[in-house]
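Residues per chain are reported as follows:
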Amino acid sequence: MQDVQARELMRRLLYARRTESTDLAEEVCREVGKLSGVSPQLQRQLDAARRNALAWVEKETEARRELFARMNQAVADQRTRSVKRLLTEIKTATRGGRTEEEERTVREAAAYLAAVESAKLARLDTLLEDISRFPANDDPWHLKSKVKQLFQVATEVGKIGEHRQAQLNVWSTRLRYLPFPPRSATPLRPQERVPLHQQVGRAYWTMRSCPQCGADRGQQCVVDGGPHAGRVRQIPHSDRLRTVIDELQGQQKEHGAVRTVWWAYDVTCPDCGQEAGAWCLTPGEPHSARSKEARKLTEQQVPRL
């Protein structure tokens, strides 16, 4: 009879290990300690199983204690990603229940995450309010950077609600209907300046004679000194290229009249009455009549006042 009970206890110890239940393992170990009258061989097996179970419980208890200590530290250090990851681990490791102290740690971690999410939502609301005052005919590149910032914060928040998502969709749509003029080039450092022969097409290299080697128009430059004098150069002399570049730039200034371009948000909308610089009362794009009016002014080359 006692041997049957001993085998049942060993089976329960094995089950406790498989289900990772330290509470069950401790309970069974206490029952093993009270059991007597077992055959010597089975008693040795039962004692070994009890020792292994107690060692496992001690190891798991220490790991659990360390897990909650890491959570407390992560909350104290305000490491949001670590808190989220540890909270998931804790929920998995404590499926069987938690002590009051462990419950307090979990509540504090959840409250910290809620406060972080609330702060992010508040920041998102502030950005949405700020961008709502952005003029429709202001710098589109500046607006694009603001919209990008909006989406970055929204991604960090996760669930932002239907109303906020609708506002983000509006700004995303508005960007698609804005003109984006080329940005002014950033001045190059001396070592990054484009070589003269790359600033003008090869077909223009010989459009003027060379003041350095005397090559006539249409002829390639030659080496004008040293042991290789008279040999054809791969690229023209710098003085010749500067002459060509200056002439081409002069021609562009002379013939390149500035064209007036009107965009939708530069004019008052015939449909909704929004004045220049104000967004149309649409979920993103301007009214077609407004765009049509802008195209008409551009075609007529009406000057801006």
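Calculation criteria
Residues numbered from 1 in each chain as written. Predicted model: local features only at pLDDT ≥ 70, side-chain atom pairs only at ≥ 80, totals over all residues. Heavy atoms only, no water. Axes fitted to C-alpha atoms, helices over the stretch in contact; angles between N-to-C directions. Helix = DSSP H or I, 4+ residues; strand = E, 2+ residues; numbered from the N terminus. Parallel < 35°, antiparallel > 145°, perpendicular 65-115°, else oblique. Left-handed = near helix turned anticlockwise from the far one by under 90°. Contact = heavy atoms within 4.5 Å. Nonpolar A, V, L, I, M, F, W, Y, C, P; charged D, E, K, R; others polar. pLDDT = per-residue confidence, 0-100. Phe/Tyr/Trp six-rings, centres within 6.5 Å; stacked < 30°, edge-to-face > 60°. Buried < 20%, exposed > 50% of the residue type's maximum accessible area, 1.4 Å probe, protein only. Core = buried A, V, L, I, M, F, W, Y, C linked by side-chain atoms within 4.5 Å. Salt bridge = Lys/Arg side-chain N within 4 Å of Asp/Glu carboxyl O.

## Here's the deal with the packing of helix α5 (residues 100-131) against helix α7 (residues 162-176)
Turning to step 1, where the next piece is worked out: Packing of α5 against α7 brings their axes to within 12 Å, and their N-to-C directions diverge by 40°. With respect to α7, the axis of α5 lies oblique. Here the hand of the crossing between α5 and α7 comes out left-handed. Of the residues in α7, those in contact with Leu121, Leu124, Asp125, Leu128 and Ile131 of α5 are Arg164, Gln167, Leu168 and Trp171.
Turning to step 2, where the next piece is worked out: Within the contact of α5 with α7, the residues separate by chemical class into six nonpolar, one polar and two charged.

## Regarding the confidence of the model for the protein chain
Any residue range with low pLDDT should be treated as having predicted coordinates unsuitable for detailed reading.
Turning to step 1, where the next piece is worked out: Counting all residues, the mean pLDDT for the protein chain is 83, and 91% of those residues have values of 70 or more.
Turning to step 2, where the next piece is worked out: No element of the protein chain has a lower mean pLDDT than helix α8 (residues 238-255), at 77, and none a higher one than α5, at 92.
Turning to step 3, where the next piece is worked out: A low-confidence stretch, residues 185-192 (pLDDT under 50), is modelled with two contacts involving residues beyond four sequence positions or located in other chains.

## Some remarks on the packing of aromatic side chains
Turning to step 1, where the next piece is worked out: Following the criterion strictly, the structure yields two aromatic pairs and no others.
Turning to step 2, where the next piece is worked out: Measuring from centroid to centroid gives 5.2 Å for Trp171 and Trp279, while their planes differ by 90°, and the two rings are edge-to-face. Of this pair, Trp171 sits in helix α7 while Trp279 sits in the loop between α8 and α9 (288-299), placing them 108 residues apart in sequence. By the burial criterion, Trp171 is buried, and Trp279 matches it.
Turning to step 3, where the next piece is worked out: Each ring, one from Tyr265 and one from Trp279, has its centre 4.9 Å from the other, and the planes form 70°; the classification is edge-to-face. Of this pair, Tyr265 sits in the loop between α8 and α9 while Trp279 sits in the loop between α8 and α9, placing them 14 residues apart in sequence. For the pair Tyr265 and Trp279, one class covers both residues: buried.
Turning to step 4, where the next piece is worked out: In textbook terms, an aromatic cluster arises when at least three aromatic residues are bridged by ring pairs, as seen for Trp171, Tyr265 and Trp279.

## Focus on the nonpolar core
Turning to step 1, where the next piece is worked out: Counting 19 residues, the largest nonpolar core has Leu124, Ile131, Leu143, Leu150, Trp171 and Trp279 as the members making the most contacts within it.
Turning to step 2, where the next piece is worked out: Counting only elements with at least two residues in this core, the list comes to α5, α6 (140-157) and α7.
Turning to step 3, where the next piece is worked out: Broken down by element, the residue count for this core peaks at six residues, all from α6.
Turning to step 4, where the next piece is worked out: If we ignore the near neighbours within four places in the chain, the residues touching Leu150 are Leu124, Leu127, Leu128, Ile131, Leu168 and Trp171.
Turning to step 5, where the next piece is worked out: Membership of the second largest hydrophobic core comes to 17 residues, among which are Ala6, Met10, Val28 and Ala53.

## Digging into the pattern of salt bridges
Turning to step 1, where the next piece is worked out: Per the counting criterion, the structure on display carries 16 salt bridges.
Turning to step 2, where the next piece is worked out: Note that Arg12 is salt-bridged to Glu27, the shortest N-O span being 3.7 Å. Remark: Glu27 occurs in helix α2 (residues 22-34) and Arg12 occurs in helix α1 (residues 2-18); sequence separation between them is 15 residues.
Turning to step 3, where the next piece is worked out: Owing to a relative accessible area of 37%, Glu27 belongs among the partly exposed residues under this scheme.
Turning to step 4, where the next piece is worked out: Several salt bridges share partner residues, and in doing so they unite Glu129, Asp130, Arg133 and Lys146 into one network.

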